[in-house]
Every structure is written in structure tokens, then in C-alpha cells.
Amino acid sequence: MNALRGIAITATAITAVLLLSGCLGEEGDDRGGSVDPVGTWGDTSDTSAPSLVLADGGGLTGTDGCNRLTGTWTVDESDHVEFHDVASTRMACEGVDTWLEGLSQATVADDTMTVLDQDGSEIGTLERAD
């Protein structure tokens, strides 16, 4: 009987942890703040220009004007878009400013995303395309 009670308590504890972890937010979830960055930022039709696409599920794709970018994003409590696990191809790109490769986080005001590096310094802006 005690073994069954122990199993029931363990199962209840695991269920509670799983339910509570759902309240912490997820990749692509803006519950941490009030900003909605989902969409296309920059001109994706210009292959030499930087752009990002932030998907509803937390996925990120884009280009710095030469190299392809992929990763994930979340929004924190202070409305900063945080970029995670961003990987980039490493092609040699003459004459292309690859500033977007240094992204770490961003702020969104109206239709402008201000991209920041790891030090919190502005490295560029992107306009919302959709």
C-alpha cells in the first residue's frame, strides 16, 4: 500500500512540475512581455540586404546579406527579443556589411526592430515588412 502511495505522490509531483513549467514561457512566446516580434523584418527580396523572419513557434531564419542565419527567439519581461542558438554559414562576402551576424537581442518600437549585440550596443535596425 505504501508503494502505491509513493507512486501516486511521485506522479502528482511530476504532473505539477510539468504544468508549472508551461507557465514559464516558451521559445517564440511573448508572455514575458507585451511586444509581438513575429513576422518579417527587412527586405527578404534583396538577397544582399539583412533580414530576419521570426516565426510564431519561436524559430528564426534570416540573412546578414551574405550568410544564412538560423536559431530561436523569446521575449523577456522587459520586452527585449532574445536570440538563442543562432548559427550562421561562413561564406566569404566581399563588400557586404555582415552586422546582423552579431545579433544577441533586439527591441521593437512600432515597425522598427533595433538589433543589439552581446554588450547591448546597437548594431543596426530592420523595418517590419509584414
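None of these values were measured; they are calculated from a predicted model.

With that out of the way, let us pick up the state of the cysteines. Summed over all chains, the structure comprises 1 disulfide. Each sulfur in the disulfide pair C66 and C93 lies 1.5 Å from the other. Taking the torsion about the sulfur-sulfur bond, which here is approximately -70°, the covalent link between C66 and C93 counts as left-handed. Of the two residues, C66 is situated in the loop between strand 3 (59-63) and strand 4 (68-75) and C93 in the loop between strand 5 (81-88) and strand 6 (105-109); the sequence distance between them amounts to 27 residues.

Attention now goes to the environment of M113. As for its placement among the helices and strands, M113 is situated in strand 7 (residues 112-116). Note on M113: relative accessible area 0%, which makes it buried. Taking the C-alpha atoms as reference points, M113 and T125, separated by 12 residues in sequence, lie 5.5 Å from one another. Dropping the residues within four chain positions of it, M113 is found in contact with P37, W41, L52, L54, F83, A106, T107, V108, G124, T125 and L126.

What follows covers the pattern of salt bridges. Applying the stated rule across the entire model yields 2 salt bridges. With its nearest N and O atoms 2.7 Å apart, the salt bridge here joins R90 to E101. With a gap of 11 residues between them, R90 in the loop between strand 5 and strand 6 and E101 in the loop between strand 5 and strand 6 connect regions that are remote in the sequence. One salt bridge in this structure joins R128 and D111, with 3.6 Å as the shortest N-O distance.

Attention shifts here to unusual backbone geometry. A positive phi angle, close to 50°, is found at D85, a residue other than glycine. Relative to the elements of secondary structure, D85 occurs in strand 5. On the accessibility criterion, D85 (68% relative accessible area) is exposed. The residue D110 is not glycine, and still its phi comes out positive at about 55°. Tracing the sequence through the fold places D110 in the loop between strand 6 and strand 7.

Here we come to the side chain of Q105. Residue position: Q105 is located in strand 6. Judged by its relative accessible area of 16%, Q105 is buried. Sequence-distant contacts of Q105, that is, excluding residues within four places in its chain, are made with H80, V81, E82, F83, T114, V115 and L116.

Looking now at the environment of W99. Tracing the sequence through the fold places W99 in the loop between strand 5 and strand 6. Residues W99 and P50, 49 residues apart in the sequence, show an inter-C-alpha distance of 8.3 Å. With residues near it in sequence (within four places) discarded, W99 still touches P50, V115, I123, G124, T125 and L126.

Our focus in this paragraph is the sheet that holds strand 1 (residues 39-42). Strands pair in a sheet through their backbones, by hydrogen bonds, and they do so in one of two ways: parallel or antiparallel. With antiparallel pairing, the 8 strands of this open sheet are ordered in space as 1-2-3-4-5-6-7-8. Each end of this open sheet is capped by a strand with a single partner; those strands are strand 1 and strand 8 (122-127). Across this sheet, the average inter-strand angle for adjacent strands is 25°, counted without regard to direction. Relative to strand 4, strand 3 is paired through 5 bridges, and the arrangement is antiparallel. Note that in strand 4 the partner of T63 across the bridge is R68.

Definitions and cut-offs
- Residues numbered from 1 in each chain as written.
- Predicted model: local features only at pLDDT ≥ 70, side-chain atom pairs only at ≥ 80, totals over all residues.
- Heavy atoms only, no water.
- Disulfide = S-S within 2.5 Å.
- Helix = DSSP H or I, 4+ residues; strand = E, 2+ residues; numbered from the N terminus.
- Buried < 20%, exposed > 50% of the residue type's maximum accessible area, 1.4 Å probe, protein only.
- Contact = heavy atoms within 4.5 Å.
- Salt bridge = Lys/Arg side-chain N within 4 Å of Asp/Glu carboxyl O.
- Pairing = 2+ DSSP bridges.
- Axes fitted to C-alpha atoms, helices over the stretch in contact; angles between N-to-C directions.

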